[in-house]
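Remarks on the overall topology
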Amino acid sequence: MNAELQASDLALRLLGRSYDDLDAEERRVISAIADRAPTSRDAGDVDDQSAGFGARLSDRVAAVGGSWGFIIAFTVVLFGWMLLNSEILSRWGLAFDPYPFIFLNLMLSTLAAVQAPIIMMSQNRASAKDRLAASLDYEINLRAELEIMRLHHKIDALAGKIDGLGVGGAD
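In what follows, the accompanying structure is described. (Residues numbered from 1 in each chain as written. Predicted model: local features only at pLDDT ≥ 70, side-chain atom pairs only at ≥ 80, totals over all residues. Heavy atoms only, no water.)

Looking now at the overall build of the chain. Secondary structure assignment for the chain yields 6 helices and 0 strands. Put simply, the chain runs from its N terminus to its C terminus through helices and strands in the order α-α-α-α-α-α. A compact globule built from 171 residues would reach a C-alpha radius of gyration of about 16 Å, whereas the chain, at 31 Å, exceeds it by more than 25%. Dimensions of the chain, computed from C-alpha atoms along their principal axes, come out at roughly 105 × 40 × 20 Å. For the chain, buried positions account for 22% of its 171 residues. In the chain, of all internal contacts separated by at least 6 residues, the share reaching a separation of at least 24 is 59%. (Helix = DSSP H or I, 4+ residues; strand = E, 2+ residues; numbered from the N terminus. Rg over C-alpha atoms; globule rule 2.2 N^0.38 Å. Buried < 20%, exposed > 50% of the residue type's maximum accessible area, 1.4 Å probe, protein only. Contact = heavy atoms within 4.5 Å.)

As structure tokens, then:
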């Protein structure tokens, strides 16, 4: 109960609004100040806790599909396919996908049709992670600003006490 009263008091003093009128980020900051708890959280950790299997899979597919290793390996497979079906197997009449490589085109189209939405899902997750990081940065900035305001109040109060005692600097 004491923490709730302290949080309500801090909200009124520092933000000029009641605790109930604050948004979720401001409430977390005020509660952390009242509890003398740290505010900072890692956006990656917070995002990983809420990510499902499909989201993690899309990130892995995008990481592999967007790498030089994939591009080089895929190029080697393509040239190998074309070489195998145009030179080596055609000598014995066993080419299963002769020029113009219709089956290869079908496989490439299928790969592109599946890979593009998966990469877009990963990009959407990256955008959501960026928004989360911005929200967490806002909380840290708000906490720093409010703590500085509290320090100013304390220094002003101390300066008032010193002035009241007649101790201090000469005019």
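Formed by Ala7, Leu10, Ala11, Leu14, Leu22, Val29, Ile30, Ile33, Ala34, Leu142 and Leu146, the largest nonpolar core amounts to 11 residues. If you list the elements that add at least two residues to this core, you get α1 (2-15), α2 (24-35) and α6 (102-165). Those residues in contact with leucine 10, other than ones at most four positions away along the chain, are Leu15, Ile30, Ile33, Ala34 and Arg150. (Core = buried A, V, L, I, M, F, W, Y, C linked by side-chain atoms within 4.5 Å.)

Overall, the coordinates contain 4 aromatic pairs when judged by the stated rule. On the basis of an interplanar angle of 90° and a centroid distance of 5.7 Å, the ring pair of tyrosine 99 and phenylalanine 101 is categorised as edge-to-face. The class for tyrosine 99 is exposed, based on a relative accessible area of 69%. What links up through ring pairs into an aromatic cluster is the set Trp81, Phe96 and Phe103. Just above the ring of tyrosine 19 sits the side chain of arginine 27; from NZ or CZ to the centre is 5.6 Å. (Phe/Tyr/Trp six-rings, centres within 6.5 Å; stacked < 30°, edge-to-face > 60°. Lys NZ or Arg CZ within 6 Å of the ring centre and 35° of its normal.)

On to the environment of isoleucine 30, then. Counting through the fold element by element, isoleucine 30 comes out in helix α2. Taking relative accessible area as the criterion, isoleucine 30 reaches 0% and is therefore assigned buried. In this structure the C-alpha to C-alpha distance between isoleucine 30 and leucine 15, which are 15 residues apart in sequence, comes to 9.4 Å.

Right, let's get into unusual backbone geometry. The omega torsion of the bond from tyrosine 99 to proline 100 falls at 15°, within 30 degrees of zero and hence cis. In this fold, proline 100 is placed in the loop between α5 (68-88) and α6. Non-glycine residue arginine 36 carries a positive phi angle of around 55°. Considering the arrangement of structural elements, one finds arginine 36 in the loop between α2 and α3 (43-50). The exposure class assigned to arginine 36 is exposed, which follows from its relative accessible area of 67%.

Keep in mind that these numbers describe shape and distance, not what the molecule does.
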